[in-house]
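Residues per chain are reported as follows:
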Amino acid sequence: MSPALTSETIEMYLKSICELETIESPVAISQLAQRQSVSSPAVIEMVKRLAAKELVTHTPYKGVALTVTGKKRAHNVLRRHRLWERFLVDVLNLPWENVHDCACRLEHATAPAVTESLAALLQHPVRCPHGNPIPDADGNLPDDEKLPLAALEIGQSATLVSVGYEETILLDYLSRRGFFPGVTLTVEDIAPYQGPLMVLIEGREQPCALGREIAGRVFVTMDSGEG
């Protein structure tokens, strides 16, 4: 018997697809399975049910994409999640790297009126603590002009703006090495054969090695004069 298609389950899948689309679109079934910590067959079954509700489209051997309706619903979940992250950091002073999991639990238990009261309390922030844009009350998510750190070449500098596809283990790793929104990064070297990037944070003397996958989830904007 298939598991119940609860509102929370739907929201978890839609949010995961939305976050993964910032890295690759359409989203591979294997990537979604990894994100949800379930098997690929279980994801395929769930995707079929979401497609029947016209929330996603699934192209075999290519992946999954949100429909307009699915995207708007995903954005509403992201709004609740990112507002809670701001509250946990700005009001409760919890560490930047530790609020993601807590916000994941709170996002499913927050009524629309509570969401908007929270936004008002926080004076309507436009970004979460990890630099990602917060959708507005209508579910609109502004476009972000950014590119992954992995796209930079040796010698190029950029400003870190956000961490995509958040996970606590990733946020903790970046936090301990000083990678926060607003810092200036310079790629000093790139190892061949998909090796790491050697990245220097402004004000530091020694560069830090970042693997290609992590560098693909750290988003930046090019500094003035860089192409």
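Structural notes, computed from the coordinates.

Rules used throughout
- Residues numbered from 1 in each chain as written.
- Predicted model: local features only at pLDDT ≥ 70, side-chain atom pairs only at ≥ 80, totals over all residues.
- Heavy atoms only, no water.
- Axes fitted to C-alpha atoms, helices over the stretch in contact; angles between N-to-C directions.
- Helix = DSSP H or I, 4+ residues; strand = E, 2+ residues; numbered from the N terminus.
- Parallel < 35°, antiparallel > 145°, perpendicular 65-115°, else oblique.
- Left-handed = near helix turned anticlockwise from the far one by under 90°.
- Contact = heavy atoms within 4.5 Å.
- Nonpolar A, V, L, I, M, F, W, Y, C, P; charged D, E, K, R; others polar.
- Expected span 1.5 Å × (residues − 1).
- Buried < 20%, exposed > 50% of the residue type's maximum accessible area, 1.4 Å probe, protein only.

1. Observations concerning the packing of helix 4 (residues 68-90) against helix 6 (residues 112-121)
Here helix 4 crosses helix 6 at 40°, and the two axes come no closer than 10 Å. Judged by the angle between their axes, helix 4 and helix 6 are oblique. Taken as a pair, helix 4 and helix 6 cross one another with a handedness that is left-handed. Facing helix 4, whose interface residues are Arg79, Arg80, Leu83, Trp84 and Phe87, helix 6 presents Thr115, Glu116, Leu118, Ala119 and Leu121. Considering only residue class, the contact of helix 4 with helix 6 consists of six nonpolar, one polar and three charged.

2. A short note on helix 1 (residues 7-20)
The end-to-end C-alpha distance of helix 1, which contains 14 residues, comes to 20 Å, matching closely the 20 Å that a straight helix rising 1.5 Å per residue would cover. For helix 1, a buried count of ten out of 14 residues is recorded, marking the element as mostly surrounded by other parts of the structure. Those residues of helix 1 that sit buried are Ile10, Glu11, Tyr13, Leu14, Lys15, Ser16, Ile17, Cys18, Glu19 and Leu20. Buried residues along helix 1 sit in contact with helix 2 (29-36), helix 3 (40-52), strand 1 (56-59), strand 2 (63-66), helix 4 and helix 5 (100-106).

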